[in-house]
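If you want the building blocks of each chain, they are given just below.
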Amino acid sequence: MPADRLHLVRHGEVHNPRRVLYGRLPGFGLSVDGRRMARQAADYVHGLERPIGALVVSPLQRTRESAEPFEETFGVDPYIDERVIEPTNVFEGRQMRRALANPLSWRHLTRPAVPSWGEPYGRVVERMLEAMDDAWNRTDRGDVVVVSHQLPIWVTHLAVAGLPMKHDPRNRRCALSSVTTFERRGEPATGQRWVEVAYAEPANTAGAIDVGAV
């Protein structure tokens, strides 16, 4: 038997005093508030009273730290999966307000549907769904928790809902330490598909620094 439900959990607030787009850069761990948010996400999932059979985590520091409360609460070891990592981005390490004010940066904004500033949305969705399918199929009981990042979670939501990939990054419904929940429905013989069944924002994010999304 495969898993029952799969929860895409975003990491908590990152210590980012310069407010840069940190992307895949090393050294960006959770803030004190970010650790609290991660704990609140784990507490929320625990409150669902559903066993967790697998914990899949992006290899970046902020996601690995956000997974720690899930390890402690559910007694599961994390499985590091490169496929749920943050996408590449040409603005990595820069303050977005300054970068976008520079005319030399505008060439990277010409094709927002791709997007032209980073890894194509279609490729992000492809690797996310592959990771989700694999985690689902190798978990023989309970739910799966996948700790990932805002953009991969959001474009997965769009793809599952049948919506266009092109979007305004400022309008993503994917708060810090949010939980987006899916099920696979249908018969294996005739085809199964992912269906989003819930979205929750269990963490108190008031005053949080969450900048630089592209």
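Provided above is the structure to which this section pertains.
Residues numbered from 1 in each chain as written. Predicted model: local features only at pLDDT ≥ 70, side-chain atom pairs only at ≥ 80, totals over all residues. Heavy atoms only, no water.

> Pulling in residues and values, what's your account of the overall build of the protein chain?
When helices and strands are tallied, the protein chain shows 5 helices and 6 strands. Reading the helices (α) and strands (β) of the protein chain from amino to carboxyl end gives β-α-β-α-β-α-α-β-α-β-β. The C-alpha atoms of the protein chain give a radius of gyration of 17 Å, which matches the 17 Å a tight globule of 214 residues would have. Seen through its C-alpha atoms, the protein chain measures out along the principal axes to roughly 55 × 40 × 25 Å. Looking at the 214 residues of the protein chain, the share that counts as buried comes to 49%. Long-range pairs, those at least 24 residues apart, make up 72% of the contacts in the protein chain with a sequence separation of at least 6. Total accessible area computed for the protein chain in this model is approximately 10300 Å², and 50% of it derives from carbon and sulfur atoms. Here the protein chain holds 28 positive side-chain charges and 27 negative ones, and the gap between their average locations is 9 Å. (Helix = DSSP H or I, 4+ residues; strand = E, 2+ residues; numbered from the N terminus. Rg over C-alpha atoms; globule rule 2.2 N^0.38 Å. Buried < 20%, exposed > 50% of the residue type's maximum accessible area, 1.4 Å probe, protein only. Contact = heavy atoms within 4.5 Å. Areas by Shrake-Rupley, 256 points an atom, 1.4 Å probe, with all protein chains shown as cover. Lys, Arg positive; Asp, Glu negative; His and termini not counted. Charge placed at Lys NZ, Arg CZ, Asp CG, Glu CD.)

> Explain helix α1 (residues 32–47) to me, using residue names and the numbers behind them.
Owing to its 3.6 residues per turn, the α-helix brings residues three or four apart onto one side. With 16 residues, α1 extends 23 Å between its outermost C-alpha atoms, agreeing within 8% with the 22 Å of an ideal straight helix rising 1.5 Å per residue. Taken together, the buried positions of α1 are occupied by G34, M37, A38, A41, A42 and V45. Down the axis of α1, the sector holding all buried residues measures 140 degrees, keeping them to one side. Counted as exposed and oriented over 90 degrees from the buried face of α1: V32 and G47. In this structure, the buried residues of α1 make contact with β1 (6–10), β2 (52–57), α2 (61–74), β4 (143–148) and β5 (179–185). A positive backbone phi angle near 60 degrees is found at E49, which sits one or two residues after α1. (Expected span 1.5 Å × (residues − 1). Arc of directions from axis to C-beta.)

> Got a sec to walk through the pairing of β1? Specific residues and values, please.
Within β1, 5 of the 5 residues are buried, leaving the element largely enclosed by the surrounding structure. Of the two faces of β1, both are covered, the one formed by L6, L8 and R10 as well as the one formed by H7 and V9. By the bridge criterion, 5 bridges tie β1 to β4 in an arrangement that is parallel. From the neighbouring strand, R10 faces β4, where its bridge partner is S148. (Pairing = 2+ DSSP bridges.)

> Can you explain the packing of aromatic side chains? Please cite residues and give values.
Within the structure shown, the criterion is met by 4 aromatic pairs. Ring plane angle 35 degrees and centroid distance 5.5 Å describe the contact between Y22 and F28, whose orientation is recorded as tilted. Accessibility assignment for this pair places Y22 and F28 in one class, buried. Ring geometry for W136 versus W194: centroids 5.2 Å apart, planes at 80 degrees, classification edge-to-face. (Phe/Tyr/Trp six-rings, centres within 6.5 Å; stacked < 30°, edge-to-face > 60°.)

> Give a detailed account of the nonpolar core, specifying residues and quantitative values.
Residues L6, L8, V144, V146 and V155 are the most contacted members of the largest nonpolar core, which totals 30 residues. Sorting the residues of this core by element identifies β1, β2, α3 (96–101), α4 (121–138), β4 and α5 (150–161) as the ones contributing at least two each. Broken down by element, the residue count for this core peaks at 8 residues, all from α4. Among all residues touching L6, those that are not within four sequence positions of it are M132, W136, V144, V146, T180, T181, F182 and W194. In this structure, I52, L55, F70 and F74 belong to the second largest nonpolar core, which totals 14 residues. (Core = buried A, V, L, I, M, F, W, Y, C linked by side-chain atoms within 4.5 Å.)

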